[in-house]
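Examining the three-dimensional arrangement
One-letter residues, chain by chain:
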Amino acid sequence: MTARIIDGKTVAAALRTQVAARVSALPFRPGLTVVMVGDDRASLTYVRSKDKAAAEAGIDVHTLRLPAETSQKDLTARIAALNADPAVDGILVQLPLPAHIDSIAIVEAIDPAKDVDGFHPVNAGRLASGRATLVPCTPLGVMKLLAHANVPLDGARALVLGRSAIVGRPMAALLLAANATVTLAHSRTRDLPGECRRAEVLILATGRAEMVTGDWIRPGATLIDVGINRRAEGRLVGDAAYDSCAAIAGAITPVPGGVGPMTIACLLENTVVAAERRRG
Ligand code: NDP
């Protein structure tokens, strides 16, 4: 079997067009502020692509670049000012923050109604209790890819590999809400290959380059690879060994060009959702 490729670039482009149309129908421009502390190169690349995509969708996007030595107190005060600014509908703090800053406290300082990353405990709690409002962008993007590829989830055995607060846990909550039977696996899971082989839908989010090989895959399964890992020679790879998995799976996302483009498109959608909710 050779897997059908789920093309995230095409699905993301369609979503961005939809978001732009939704923005142009609003009597105001939704506002998004991206906060970046320090000058981490990878973060800077992400922030620039977010800025560009948001501007293209008609969102009024601003980047607040702060020096690496910004204190917790100063950053908290900046967040409070953005919370109070009526022109700002969405606030995104680019992670990771420098080590001297308590990231959890910063995320908690964001007004949950403006938390377009969906990381605030209020939004995480709403998602866990089945009352989702602003949902983390990457798992939301995965759900849209699954819907686009017509992957049945109702009653399906799904396995999420990785239990982080930003990918694995919200991913499991979304699959559960879609009536899948969900296993949330991690580094302490026994017989990981066996657990993976039972899954009809497999979501990988470990950050371990090419750790999942074709012999871990149930023939015909859908494999969504969230992982983004850079090999020593500079090549980007996912958590799946692509060729061996694509030979067994029924459908698969490539890296790059799978989940990545969806994350940004979902951020734009979340910004519009937040703006519509806040401004009625
Ligand atoms: P974290 O490092 O926060 O979490 C990784 C998870 O994988 C942990 O739960 C860990 O288990 C588990 N894990 C690690 N190694 C193994 C292993 N050998 N066997 C089983 N489980 C393992 O990562 P993130 O969730 O933030 O990101 C995961 C990947 O997704 C990364 O490659 C990241 O770059 C990518 N990513 C991609 C995005 C996109 O837009 N496409 C967006 C966000 C992330 P334990 O909890 O037991 O330690």
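Residues numbered from 1 in each chain as written. Predicted model: local features only at pLDDT ≥ 70, side-chain atom pairs only at ≥ 80, totals over all residues. Heavy atoms only, no water.

**Description of the overall build of the chain**
What counts, and what does not: We count a stretch as a helix when DSSP gives it H or I for four or more residues in a row; a strand needs E for two or more, and each element gets its number in order from the N terminus. Note that the radius of gyration is over C-alpha atoms, with the globule rule given as 2.2 Å times the number of residues to the power 0.38. Buried, partly exposed and exposed residues are distinguished by accessible area as a fraction of the type maximum, computed with a 1.4 Å probe on protein chains only: under 20%, between the cut-offs, and over 50%, respectively. Two residues qualify as a contact provided that any one of their heavy atoms is within 4.5 Å of a heavy atom in the partner residue.
The helix and strand inventory of the chain stands at 10 helices and 11 strands. Computed over the C-alpha atoms, the radius of gyration of the chain is 19 Å, within 12% of the 19 Å expected from 2.2 N^0.38 for a compact globule of 280 residues. On the principal axes, the C-alpha backbone points of the chain span a range of 55 × 40 × 35 Å. Counting every position in the chain, which comprises 280 residues, the buried fraction comes to 49%. Restricting the contact set of the chain to residue pairs at least 6 apart, pairs at least 24 apart contribute 71%.

**Quick word on the domain arrangement of the chain**
The criterion, for reference: For every domain, the bounds stem from an assignment made automatically or drawn from a database.
The domain architecture assigned to the chain consists of domain 1 (29-112) and domain 2 (136-260). The C-alpha centroid of domain 2 is placed 29 Å from the C-alpha centroid of domain 1.

**Regarding the environment of Pro112**
In this structure, Pro112 sits in the loop between α4 (103-109) and α5 (121-128). Each C-alpha atom, one on Pro112 and one on Gly207, is 28 Å from the other, the two residues being 95 residues apart in sequence. If sequence neighbours within four positions are ignored, Pro112 has contacts with His120, Val122, Asn123 and Leu134.

**Topic: the nonpolar core**
Side chains of a nonpolar character, in soluble globular proteins, are inclined to be buried together. Quick note on the threshold: Here, nonpolar core refers to any group of buried Ala, Val, Leu, Ile, Met, Phe, Trp, Tyr and Cys residues whose side-chain atoms link them within 4.5 Å.
Core analysis: the biggest nonpolar cluster contains 58 residues, and Leu32, Ile59, Val142, Leu146, Leu175 and Ile203 have the highest contact counts within it. Among the secondary structure elements, those contributing two or more residues to this core are α1 (8-24), β2 (31-37), α2 (41-56), α6 (137-148), β5 (157-161), α7 (168-177), β7 (201-204) and α10 (259-279). Ranked by residues supplied to this core, first place goes to α10 with 11 residues. When residues of this core are assigned to domains, at least three fall in each of domain 1 (29-112) and domain 2 (136-260). With near-sequence residues (within four places) excluded, Leu175 lies in contact with Met143, Leu146, Leu153, Ala158, Val160, Ala180, Val182 and Ile203. Listed in part, the 19 residues of the second largest apolar core include Leu159, Leu202, Ile217 and Ala249.

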